2 protein chains.
Amino acid sequence: MEKKLTRKEREKQRRRFDILEAAEIIFAEKGFDRTTVEDIAAHSEFAVGTLYNLFSGKEQLYNSLIEIRSKQMSAEVNAVLDKTKGPLEMVRAYVNAKIKLFTKYQYFVCLYSRERLGDRFINHDLWRETIAPLYNGVLSRLVDAIRAGVSQGIFRNDIDPEDIVIALEGLTDGFVYAWLENPDTFPFEEKEQSMIDFFISGALAK
Amino acid sequence: MEKKLTRKEREKQRRRFDILEAAEIIFAEKGFDRTTVEDIAAHSEFAVGTLYNLFSGKEQLYNSLIEIRSKQMSAEVNAVLDKTKGPLEMVRAYVNAKIKLFTKYQYFVCLYSRERLGDRFINHDLWRETIAPLYNGVLSRLVDAIRAGVSQGIFRNDIDPEDIVIALEGLTDGFVYAWLENPDTFPFEEKEQSMIDFFISGALAK
DNA sequence: ATATATTATGAATTATCATTCATTATAAGC
DNA sequence: GCTTATAATGAATGATAATTCATAATATAT
C-alpha cells in the first residue's frame, strides 16, 4: 500500500528529496544555526519561497532529513545484523557495516555527530519518539549478542554487557572522530582490523 | 612576574571570571549560537553593557572561556601524568584523571564535546594555535608511553600506537557521552574499572 | 488556443540578537 | 561634602536571517 502516488506527488517528493540532499551537505558543514535558508535555496537551485512550499520551515526540513537518514541507516545496519550467526560474528559485521555506512552517509554522520548533544536532539519529540528508539534498537541487539556471548563463554563476564557495548561504540567512534576531523587524510576504511583486534583483546601484549 | 595587579585590576578580573562561569553553564546547555548575550547578562547579574566593558564581544568572551579551561585542564592532566612511572601506570592514571577532571569541569566538557566538530573550533586561530597543541601534547605523551610499552613488551605490537591511543580516547569518550546524555542517572565515576579492564584485555573471555 | 490551476519566485516584512552609547550610579581623591 | 573619574546600565541601533505573499511562470484541461 505504498505506490498510490500520482505523478505530481512523485515529482513533489523528488523535489523535496533534492532539497534535502543539498541541505544535508550544508548542515554538515556549518551546523543548523549557521546554515541559512538562502544557502539551502541557492545550493538546491530553488528560490526561498519554493522551499517554503515544500517544507513548513527550516526546522521541519531539518527534521525530515534526520528522520529519513536515521531510518535508512538503521534499516541497513539491521539488515546486516540479521545475517549474522554468532555473537562475535555480529560484532565483526557491525564494525564493518559501521565503516561502510558511515562512509556512505558521511554528511549525515557529520551533522549527527555535531549535534547529538545539542538540545535540538535531546529535547525533541522527533528524537525521543523516532530516532532514539531506532538507535537503541541497534544497540540493544548488540547488548543481547554480548550477553549471549557471555553465556557461551565467548565474552568475559566481569564487565557489564552494556558497558562492553558502550566501549565498542566509543572505540569505533574514536576512529570516526579522527576521520571527521581530517576527512581527507585519515584512512578510516583501513582501521577495521585495529578496531576489531582492540575490541577482542585490548592493548596488552599476549 | 605575575602579582603586579592593583586592587582595581584584581576586581576586574574577578568580575570577568564570574561572567565566564555564568556563561559556561549557558553555553554548555544551549551551545554558542543559541546562547544570547542577554542570557549571559541575566545569569551573571550584570547588564549587557557591562559585559561589553569587560569583553570585546560574545565571541571573545567565549574564546577566553575555552582558553582558560583548556589550559587548566591540560595543566592538571599533565601534572598527573608527570607523576607516573611506567606506561601502564600512565594509562591507568590518565583514565582516573579523565573521570575526575571531566566531572570537575562538567560544563566545559559538555560545551567542548558539543562544538569540537564545529567550525568555531576547527577553523579558528585559537584552536589551531592554542587549544590543539595542548590537546595534542597530552595525546602524544600517551602515544609515547604506548610506544615505550611496546618496546618493553607490555603492549601489543600489531596495532599502531597511535591507533591504540585513538581507541583509548574513544573508548573513554564513549562513557563520557553516555554520561553527558544522561548526567543524572549514568554512574560515570563508577566506570573506571570497566574502562581500564577493557583497555587492557578487550572483550573476549580468557 | 484559451482559460484555469498549480508551482516558483524573490522582494518586502518581521523577528531575533549583537553591539553601541548617552545617561545614571558608584567610588576615589581632596 | 563636593568634584572628578570609573563603572554600570539598558534602551536604541543595525545586521542578519526566517518567513510571507503578491506576482510571474508553467503546466493542465477543455
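These numbers were taken from a predicted model, which means no experiment stands behind them.

**Q** What exactly am I supposed to notice about helix H6 (residues 106-115) of chain A here?
**A** One turn of an α-helix holds 3.6 residues; hence residues three or four places apart share an orientation. The buried fraction of H6(A) is high, at 8 of 10 residues. Among all positions of H6(A), only A:Phe108, A:Val109, A:Cys110, A:Leu111, A:Tyr112, A:Ser113, A:Arg114 and A:Glu115 are buried.

**Q** Quick question: what am I supposed to make of the packing of aromatic side chains here?
**A** Any aromatic ring pair is given by two values, namely how distant the centres are and how the planes are angled relative to each other. Throughout the structure, instances matching the rule amount to 23 aromatic pairs over all chains. Measuring from ring centre to ring centre gives 5.7 Å for A:Phe199 and B:Phe198, while their planes differ by 55°; the resulting arrangement is tilted. With A:Phe199 in helix H10 (residues 192-201) and B:Phe198 in helix H10 (residues 192-201), the pair connects residues from two separate chains. A:Phe199 gets classed as buried once you look at its relative accessible area, which sits at 1%. Every member of this aromatic cluster is reached through a ring pair, and the members are A:Phe155, A:Phe198, A:Phe199, B:Phe155, B:Phe198 and B:Phe199. Directly above the ring of A:Phe55 sits A:Arg16, whose terminal nitrogen or CZ lies 5.9 Å from the centroid.

**Q** Would you mind showing me how to read the packing of H6(A) against helix H9 (residues 161-181) of chain A here?
**A** How two helices sit against one another is set out by the angle between their axes and by the gap between those axes. Residue and element names in this part refer to chain A. Relative to each other, H6 and H9 sit at 105°, their axes nearing to 11 Å. Comparing their axes, H9 and H6 come out roughly perpendicular. Within the contact between the two elements, H6 uses Gln106, Val109, Cys110 and Ser113 and H9 uses Val176, Tyr177, Trp179 and Leu180. Of the residues contributing to the contact of H6 with H9, the split by class is 6 nonpolar, 2 polar and no charged.

**Q** Can you walk me through the nonpolar core in this structure?
**A** Nonpolar side chains in soluble globular proteins tend to be buried together. Ranked by internal contacts, the top residues of the largest apolar core, which has 134 residues, are A:Phe198, A:Phe199, B:Phe198 and B:Phe199. With near-sequence residues (within four places) excluded, B:Phe199 lies in contact with A:Phe198, A:Gly202, A:Ala203, A:Leu204, B:Val91, B:Ile146, B:Phe155, B:Ile164, B:Leu168 and B:Leu171.

**Q** What's the story with the layout of surface pockets in this structure? I'm lost.
**A** Leftover empty space is mapped by rolling, across the atoms, a probe with the size of a water molecule. In this structure, the largest pocket spans a volume of roughly 1400 Å³. In this structure, the largest pocket is lined by 43 residues; those nearest its centre are A:Asp173, A:Tyr177, B:Asp173, B:Gly174 and B:Tyr177. Among the elements of the structure, helix H8 (125-151) and H9 of chain A together with helix H8 (125-151) and helix H9 (161-181) of chain B are those that each provide at least two residues to the lining of the largest pocket. The residue inventory of the lining of the largest pocket, partitioned by class, reads 23 nonpolar, 9 polar and 11 charged.

**Q** What is the right way to read the protein's contact with DNA strand D from this model?
**A** Neighbouring residues of DNA strand D: 16 residues in total, closest A:Arg7, A:Val37, A:Tyr52, B:Gly49 and B:Thr50. Backbone atoms, meaning sugar and phosphate, make up 69% of the atoms of DNA strand D lying within 4 Å of the protein. In the model, a phosphate oxygen of DNA strand D is placed 3.3 Å from a nitrogen or oxygen of the A:Thr35 main chain. Contacts to DNA strand D include B:Thr50, whose side-chain N or O atom sits 2.8 Å from a phosphate oxygen. Sorting the residues of the surface near DNA strand D by element identifies helix H1 (7-34) and helix H3 (48-54) of chain A together with helix H3 (48-54) of chain B as the ones contributing at least two each. For the surface near DNA strand D, the class distribution of residues is 5 nonpolar, 7 polar and 4 charged.

**Q** What's the story with the domain arrangement of chain A in this structure? I'm lost.
**A** Buried accessible area, meaning the area lost when the parts come together, often serves as the stated size of an interface. Residue and element names in this part refer to chain A. For chain A, the assigned domains are domain 1 (7-55) and domain 2 (57-201). The interface of domain 1 with domain 2 comprises 18 residues on the first partner and 17 residues on the second. Buried surface at the junction of domain 1 and domain 2, summed over both partners, amounts to about 1700 Å²; 69% is from carbon and sulfur atoms. In terms of surface lost to domain 2, no three residues of domain 1 exceed Glu24, Phe32 and Phe55, which account for 40% of the buried area on that side. Taken together, the connections running from domain 1 to domain 2 amount to 2 salt bridges. Residue glutamate 24 is joined to arginine 69 by a salt bridge in which the shortest nitrogen-to-oxygen separation is 2.7 Å. The interface formed by domain 1 and domain 2 contains 8 residue pairs in polar contact (both at pLDDT 80 or more). Going through the elements one at a time, H1 and H3 are the ones with two or more residues in the side of domain 1 that touches domain 2. Within the side of domain 1 that touches domain 2, the residues separate by chemical class into 11 nonpolar, 2 polar and 5 charged.

**Q** When you look at the interface of chain A and chain B in this model, what are you seeing that I'm missing?
**A** Tallying the contact residues gives 44 residues for chain A and 43 residues for chain B. Interface area for chain A against chain B, summed over the two sides, is near 4200 Å², with a carbon-plus-sulfur share of 60%. Per-residue buried area on chain A facing chain B is highest for A:Leu117, A:Arg156 and A:Phe198; these three make up 17% of the total on that side. For the pair chain A and chain B, the interface holds 6 salt bridges. Residue assignment for the side of chain A that touches chain B shows that the elements contributing at least two residues are H1, H6, helix H7 (119-122), H9 and H10 of chain A. The element that contributes the greatest number of residues to the side of chain A that touches chain B is H9(A), accounting for 12 residues. Looking at the side of chain A that touches chain B, its residues break down into 22 nonpolar, 8 polar and 14 charged.

**Q** Sorry if this is basic, but what is going on with helix H2 (residues 37-44) of chain A here?
**A** Residue and element names in this part refer to chain A. Along H2, the residues that are buried comprise Val37, Asp39, Ile40, Ala41 and Ser44. Looking at the buried positions of H2, the neighbouring elements they touch are H1, H3 and helix H4 (58-82). Count one or two residues on from H2 and you reach glutamate 45, which has phi positive near 60°.

**Q** What exactly am I supposed to notice about the protein's contact with DNA strand C here?
**A** Neighbouring residues of DNA strand C: 16 residues in total, closest A:Thr50, B:Arg7, B:Val37, B:Tyr52 and B:Lys58. Of everything in DNA strand C that lies within 4 Å of the protein, sugar and phosphate atoms constitute 70%. Within the side chain of A:Asn53, a nitrogen or oxygen atom sits 3.4 Å from a base nitrogen of DNA strand C. Contact distances for DNA strand C include 3.2 Å between a phosphate oxygen and a backbone N or O atom of B:Thr35. For the surface near DNA strand C, the per-class residue count stands at 5 nonpolar, 7 polar and 4 charged.

Definitions and limits used
Residues numbered from 1 in each chain as written. Chains lettered and ligands numbered in written order. Predicted model: local features only at pLDDT ≥ 70, side-chain atom pairs only at ≥ 80, totals over all residues. Heavy atoms only, no water. Buried < 20%, exposed > 50% of the residue type's maximum accessible area, 1.4 Å probe, protein only. Helix = DSSP H or I, 4+ residues; strand = E, 2+ residues; numbered from the N terminus. Phe/Tyr/Trp six-rings, centres within 6.5 Å; stacked < 30°, edge-to-face > 60°. Lys NZ or Arg CZ within 6 Å of the ring centre and 35° of its normal. Axes fitted to C-alpha atoms, helices over the stretch in contact; angles between N-to-C directions. Parallel < 35°, antiparallel > 145°, perpendicular 65-115°, else oblique. Contact = heavy atoms within 4.5 Å. Nonpolar A, V, L, I, M, F, W, Y, C, P; charged D, E, K, R; others polar. Core = buried A, V, L, I, M, F, W, Y, C linked by side-chain atoms within 4.5 Å. 1 Å grid on protein atoms, 1.4 Å probe; cavity = no way out; pocket = protein on both sides within 12 Å on 5 of 7 lines; lining within 4 Å. Points joined across faces, edges and corners; volume = space filled by probe spheres on them. Near = heavy atom within 4 Å. Polar contact = N/O pair within 3.5 Å; in protein donor to acceptor, adjacent residues only side chain to side chain. Domains from an automatic or database assignment. Buried area = accessible area lost by both parts, 1.4 Å probe. Salt bridge = Lys/Arg side-chain N within 4 Å of Asp/Glu carboxyl O.

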